[in-house]
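Residue strings, one per chain:
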Amino acid sequence: MDKKWLKPALIVGLGLVLVVLFLWMPRKPSAKEENQQMPALSAEESRLQQAIELVNGPNPMQGIMMLREIVAKDTNNVEAHYWLGVFAVKSGQYDKAIPRFERVIRLDPNYLNAYMDLGAVYKELGDKVQALRLFEKAAERDSANVYALFFSGETAADIGEKQKAKKYYNQLLRHTADTAVVVRVKERIEKLK
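These notes cover the structure that comes with them. The model shown is predicted, which means the values in this text are computed figures rather than measured ones. Position numbers for residues start from 1 in each chain and track the written sequence from start to end. The predicted nature of this model means local features are confined to residues of pLDDT at least 70 and side-chain atom pairs, given and counted, to a pLDDT of 80 or more, with totals for whole chains, interfaces and linings taken over all residues. Note: side-chain values were computed over all heavy atoms of the structure, leaving out hydrogens and water.

**Description of the nonpolar core**
So, step 1. Counting residues in each nonpolar core, the largest one holds 50 residues, and the members touching the most others are Leu67, Tyr82, Trp83, Phe87, Phe101, Leu118 and Tyr169.
So, step 2. Excluding residues that lie within four positions of it along the chain, Tyr169 makes contacts with Phe150, Gly153, Glu154, Val185, Arg188, Ile189 and Leu192. Working definition of a nonpolar core: buried Ala, Val, Leu, Ile, Met, Phe, Trp, Tyr and Cys residues. They are joined through side-chain atoms within 4.5 Å. Type-normalised accessible area, obtained with a 1.4 Å probe on protein chains alone, sets the label of each residue: buried when under 20%, exposed when over 50%, and partly exposed for intermediate values. Contacts are assigned to residue pairs with any non-hydrogen atoms lying within 4.5 Å of each other.

Right under this line is the structure:
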């Protein structure tokens with residue numbers, strides 16, 4: 001059996017996981033964004049923001065401990081659960097990320113990033129059927145979200161559901177004007193024929 005495709009497929013898969021993680025990483029606002037008037041944060045929101053900054057900065061464990069304190073005090077704090085899931089993924093602790101994202105979805109069934117991140121975890125773990133189910137749920141909640149549509153199409157193609165993959169790719173094409181994305185998606189559709 002010829003396995004020349006295995007190494008490039010693994011590289012592409014890893015690259016996609018890194019792209020997803022990069023897209024959902026917290027980012028520092030530009031100077032222009034910082035200068036704009038922002039509503040004052042509540043004490044809880046401020047503490048959550050401080051915890052996220054600590055995790056992404058020089059003292060990650062202190063930030064994680066703050067997030068855990070927040071969920072201990074308020075077990076329904078969606079954002080704290082979500083960020084604990086994100087940071088669990090970053091550290092490769094998928095067994096801890098899964099219940100965090102599942103909790104977020106139970107608390108807020110419309111939290112799109114939780115579906116996307118949980119789908120990415122299952123895809124990374126090799127459960128592409130479960131990953132597709134989650135990406136599709138994200139696409140149901142936002143039928144114009146290009147990431148949900150792309151990963152639904154890609155994962156459907158991965159498990160041999162060509163018609164479903166084409167449906168998601170074509171839907172994605174209706175919602176993007178990005179020339180590079182259009183070219184890549186059309187190439188993927190062509191390969192499905």
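**Digging into the side chain of Asn145**
So, step 1. Secondary structure elements follow DSSP: runs of H or I no shorter than four residues count as helices, runs of E no shorter than two count as strands, and numbering proceeds from the N terminus. With respect to the helices and strands, the residue Asn145 is situated in the loop between α8 (128-141) and α9 (146-158).
So, step 2. Accessibility expressed as a relative area gives 16% for Asn145, which makes it buried.
So, step 3. A distance of 3.0 Å separates a polar atom in the side chain of Asn145 from the backbone nitrogen of Tyr147.
So, step 4. A 3.5 Å cut-off defines polar contacts: any pair of N or O atoms within that distance qualifies, except that in protein one atom must be a possible hydrogen donor and the other a possible acceptor, and neighbouring residues in sequence count only when both atoms are side-chain atoms. At 2.8 Å, the side chain of Asn145 forms a polar contact with the backbone nitrogen of Ala148.

**Remarks on the environment of Asp74**
So, step 1. Relative to the assigned elements, Asp74 resides in the loop between α4 (60-73) and α5 (78-90).
So, step 2. Asp74 gets classed as partly exposed once you look at its relative accessible area, which sits at 27%.
So, step 3. C-alpha separation for the pair Asp74 and Glu44, spaced 30 residues apart in sequence, amounts to 10.0 Å.

**What to know about the packing of aromatic side chains**
So, step 1. Only Phe, Tyr and Trp rings take part, Trp by its six-membered ring, and two of them pair if their centres are within 6.5 Å. Stacked means planes under 30 degrees apart, edge-to-face means over 60, and tilted covers everything else. Using the criterion set out here, one finds seven aromatic pairs in the structure.
So, step 2. Both rings, one in Tyr82 and one in Tyr111, keep their centres 5.0 Å apart while their planes meet at 40°; by these two values the pair is tilted. With Tyr82 in helix α5 and Tyr111 in the loop between α6 (94-107) and α7 (112-124), this pair connects stretches of sequence that are 29 residues apart.
So, step 3. Overall, the relative accessible area of 2% leaves Tyr82 in the buried class.
So, step 4. An aromatic cluster of at least three residues, connected via ring pairs, comprises Tyr82, Trp83, Phe87, Phe101 and Tyr111.
So, step 5. Cation over ring: Lys167 sits above Tyr168, and NZ or CZ is 4.5 Å from the ring centre. The rule for a charge over a ring is simple: NZ of Lys or CZ of Arg within 6 Å of the ring centre, and within 35 degrees of the ring normal.

**A few points about the pattern of salt bridges**
So, step 1. Salt bridge, as applied in this entry: a Lys or Arg side-chain nitrogen positioned within 4 Å of an Asp or Glu carboxyl oxygen. Scanning all chains against the criterion turns up nine salt bridges.
So, step 2. A salt bridge links Arg141 to Glu140, with the shortest nitrogen-to-oxygen separation between them at 3.9 Å.
So, step 3. Given the relative accessible area of 33%, Arg141 is considered partly exposed.
So, step 4. Judged by relative accessible area, which is 60%, Glu140 ranks as exposed.
So, step 5. The structure contains a network of salt bridges with shared partners spanning Lys123, Lys128, Glu154, Asp158 and Arg188.

**Brief notes about the side chain of Gln171**
So, step 1. Relative to the elements of secondary structure, Gln171 occurs in helix α10 (residues 162-173).
So, step 2. Within polar-contact distance, the side chain of Gln171 engages the backbone oxygen of Ser143 at 2.9 Å.
So, step 3. Beyond its immediate stretch of four places on either side in the chain, Gln171 contacts Ser143 and Leu149.

**Overview of α6**
So, step 1. Any helix carries an expected span of 1.5 Å times its number of residues minus one. When the terminal C-alpha atoms of α6 are compared, their 20 Å separation across 14 residues agrees well with the 20 Å that a helix rising 1.5 Å per residue should span.
So, step 2. Residues of α6 that are buried include every one of Ala97, Ile98, Phe101, Val104 and Ile105, and no others. Along the long axis of α6, the arc covered by the buried residues comes to 130°, so they all point the same way. Exposed residues lying more than 90 degrees from the buried face of α6 are Asp95 and Arg106. The directions considered for the arc are those from the helix axis to the C-beta atoms.

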